Structure formats: structure tokens, C-alpha cells
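Structure at a glance
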Amino acid sequence: MLNKEVYTLFVDFQKAYDSIHRPTLFNILKEFNILRKLINLIKATIGNSEIKIKIANSASKSFKVTSGLRQGDALSPILFNIVLEKVVRDKNILEGITLELSKIGLLAYADDIAITGDNIKIVKIHCKKLMDAASKVGSRINDSVLLTQDNELKVEISKRIQLANNCYFGLGTLLKSRSISLNLKIKIYITLIRPVILYGLETWASRKIEEIRLDTFERKVLRRIYGPCLNTGTKEWRIRTNEEVMHAWRKKDAMINTVIKDDPKVKRSLGRPRLRWEDCVKREVKEIDPRSNWREIVENRIRRREICFTGWS
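As a convention, each chain's residues are numbered from 1 in the sequence order in which they are written. Residues qualify for local features only when their pLDDT is at least 70, as the model is predicted, and side-chain atom pairs are given and counted only at 80 or more; totals for whole chains, interfaces and linings, by contrast, use all residues. To get the side-chain values, take all heavy atoms of the structure and skip hydrogens and water.

The protein is annotated in an unreviewed UniProt entry as Ribosome biogenesis protein TSR3 isoform X1 of Aphis craccivora.

Below, the structure is given as C-alpha cells:
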């Protein structure tokens, strides 16, 4: 494996439990020689299930669910793993990276799959096979996060903003409705729109230009939520400025903080706070070198070792 290129594609299934085709599941259980009695019990467990949708204090009429596995059921992970095992076996990977005498083309744990290969062409072929095999049982591959060789985010950010825009315009009527409270509109934004644009943010190495684009999108949504404001001088309604929007939003909740900060400053609750690991590190570093920043020390291997040896001696 020395000085050899390795390509890895991480696969995530869309709505993994909800998309399983039940008749296909029962056929797979028969193929794996599961006892007929157990198969009948599984059919009785997940068959003829009905659900209702509750909004506030109102509930919809019940309707049948004909696909997928039951959420929260202890049996569901086992059934899903059986289906995924069938998908992986049908994929029949014979090529991959070489480790000693073995070839590894696929690694799987629960519903997470990683496809490996020594060239990108093999990875693409295996991905196509996986998609075809998964579609036969009702599963689909989730939207991907694009990582380029130079970690260029322009294409990925554009894709995320486009998808979030589709969600934003779909919810536009709710966001400008006067019959919905401001707090509920904010919850709609945080739970339905923001996750779309921040999908896969753990892999981002954002630059200032990407941060500006994210800020611009968020201000557009917030202007729709908060609406125009009244000009006290002219007595006319006008669009809120950037400063007014972010002041109303309280900057600590801004989306860009989620992307570029791992410790947004928030007010602590009353009473003596619990001692954290970070507090212990700060205290020990301050005792050894009061002028040092502990985060900079952690990133500097040589300086970190010097501090540790000093503390131990």
C-alpha cells in the first residue's frame, strides 16, 4: 500500500428504514432460509399497520403504511441489515485495494458503506452496481457531498444553496403568513431549511467567499420571516437592513457560527457551572505559561510536548 493511490466513496442510504420494499424483504428472508414461522410472525408485526399525522391538537384520518420498517422497533435494525446483506452480496465486488493477500472493495457497518478502489473508474463501476442492487429492494442513495482534490467548495455550496432555495420557496407561504407566530416560523427555518444547506458541513473548509454566500442566503430567509419594518420618519414600510436583520436574529444564532465556530458564545445558566475538560486544560496551561493560548498549543505538536513535560516534571 506504500505510495499507492486509494479512492474511497462513502455511501448513505436515503430514508433507509422507510424505503424498504416489504414483499422483497419477505423473499430475502426465505432466500436466507429463515424459518417460515418467523417470517409469518414478522409479517404479522409489520403488516396492516396504520398511522395518523398529528398537528397541534388535531389528528388526521388513519391510513395504511405499505412499505418500510417500523421506527423504534428492536426488530427493524436486524431486518434492515439482512436486506443490506442481500444488496452487498448481489453487488459481488471482486476488485478493490490490496492488503497483503486480500482484496477489499467494500466495507460495511450497519447502514454505512464505503466503496474502495485503486482507481476512480473501479469505484464508479462499483457504485453503479450498488445503486442497481439497492433499487431492487426499494433503497436509494442519498445526496452526496462533493469533495474535490483541492477541497474546493464552490460547486458544493452552490448545490446546497439551490436545494435550500427550493425548500425556502416551497415554505414561502408559511414564512410570510400572519396567522403563524414568529417563534414557529423560526422553528420551521431551523428544522426544515437550515439542515438542507448545512448537510455535510463537517467536511467543509470554508473560505470568506463561502461564508458571505451563506450569510446572504440566511438574511434572505430572515427578511421573509421578520417582514418589513416601519420607518419612523417617513411612516413608510421598508426592507430591513443587514444590521437590523442580524440584530433581530441575535447574531449568536447565525448559521455561519454553526459552520466556522465550535464554541459559539452563549450565556451560561445561573449557579456554579460544571467543570469541563476544557476548563481543566485552560487552568493547567495558565499555571505553566499564562501568556499562551491553549488552542494554539494543541495545534503545535512541539510546543504541546514541551508543556506536557514541564507539567509532569
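Below, the discussion takes up the overall build of the protein. Helix and strand definitions follow DSSP, with helices as H or I runs of at least four residues and strands as E runs of at least two, each counted in order from the N terminus. Within the protein, the regular secondary structure consists of 13 helices and twelve strands. Taking all 313 residues of the protein together, the buried fraction comes to 31%. All accessible-area figures derive from a Shrake-Rupley calculation using a 1.4 Å probe, and residue coverage is judged against the displayed protein chains alone. About 22,100 Å² of surface is accessible on the protein, with carbon and sulfur atoms providing 54% of the total. Relative accessibility under 20% of the residue-type maximum defines a buried residue, over 50% an exposed one, and the middle range a partly exposed one, all with a 1.4 Å probe and only protein chains included.

Mapped onto the secondary structure, N165 falls in helix α5 (residues 154-170). In this description, contact between two residues means that some pair of their heavy atoms is separated by no more than 4.5 Å. Dropping the residues within four chain positions of it, N165 is found in contact with F217 and K220.

This brings us to the nonpolar core. Here, nonpolar core means buried Ala, Val, Leu, Ile, Met, Phe, Trp, Tyr and Cys residues that are tied together by side-chain atoms lying within 4.5 Å of each other. By size, the foremost hydrophobic cluster in this structure holds 27 residues, and its most contacted members are F13, L25, L29, F80, I113 and I115. Among the elements of the structure, β1 (7-14), α1 (22-31), α2 (36-46), α3 (76-91), β9 (112-117) and α4 (120-135) are those that each provide at least two residues to this core. Residue contributions to this core peak at six residues, all from α3. Listed in part, the 24 residues of the second largest apolar core include Y189, F217, L222 and I225.

So, on to the side chain of K185. Mapped onto the elements, K185 comes out in helix α7 (residues 182-197). Despite its burial, K185 pairs with no opposite charge; the closest candidate is E218, at 16 Å N-O. With sequence-adjacent residues up to four places away left out, K185 is seen in contact with L174, L175, K176, S177, I180 and I225. We treat Lys and Arg as the positive residues and Asp and Glu as the negative residues; His and chain ends play no part in the count. Salt bridges are identified by distance alone: a Lys or Arg side-chain nitrogen within 4 Å of an Asp or Glu carboxyl oxygen.

In this section: the sheet that holds strand β10 (residues 140-141). Strands were regarded as paired on the criterion that DSSP finds at least two bridges between them. One open sheet accounts for four strands, arranged β8-β9-β1-β10; its pairing is antiparallel. Edge positions in the sheet fall to β8 (106-109) and β10, since each has one partner strand and no second. Relative to β10, β1 runs antiparallel, the two being bridged by two bridges. Its bridge partner lying in β10, F13 is registered against I141. Convention adopted: a line fitted to C-alpha atoms gives each axis, helices being fitted over their contacting stretch, and angles between N-to-C directions are expressed from 0 to 180 degrees. Lying over the sheet, α3 contacts β1, β8 and β9, oriented at roughly 15 degrees with respect to β9. Against the sheet, α4 engages β1, β9 and β10, with an angle of about 145 degrees to β9.

What follows is about the packing of α1 against α2. One can describe the packing of α1 onto α2 by two numbers: an axis separation of 11 Å at closest approach and a directional angle of 160 degrees. It follows from the interaxial angle that α1 and α2 lie roughly antiparallel. α1 and α2 meet at a crossing whose hand is right-handed. Residue-level inspection shows R22, L25, F26, L29 and K30 of α1 in contact with α2, the latter providing I39, I42, K43 and I46. Residue type decides the class: Asp, Glu, Lys and Arg count as charged, Ala, Val, Leu, Ile, Met, Phe, Trp, Tyr, Cys and Pro as nonpolar, and the leftover types, Gly among them, as polar. Looking at the contact of α1 with α2 residue by residue, the class counts come to six nonpolar, no polar and three charged. Just so you know how the angles are binned, under 35 degrees is roughly parallel, over 145 roughly antiparallel, 65 to 115 roughly perpendicular, and the rest oblique. In a left-handed crossing the near helix is turned counterclockwise from the far helix by less than a right angle, and in a right-handed crossing that turn is clockwise.

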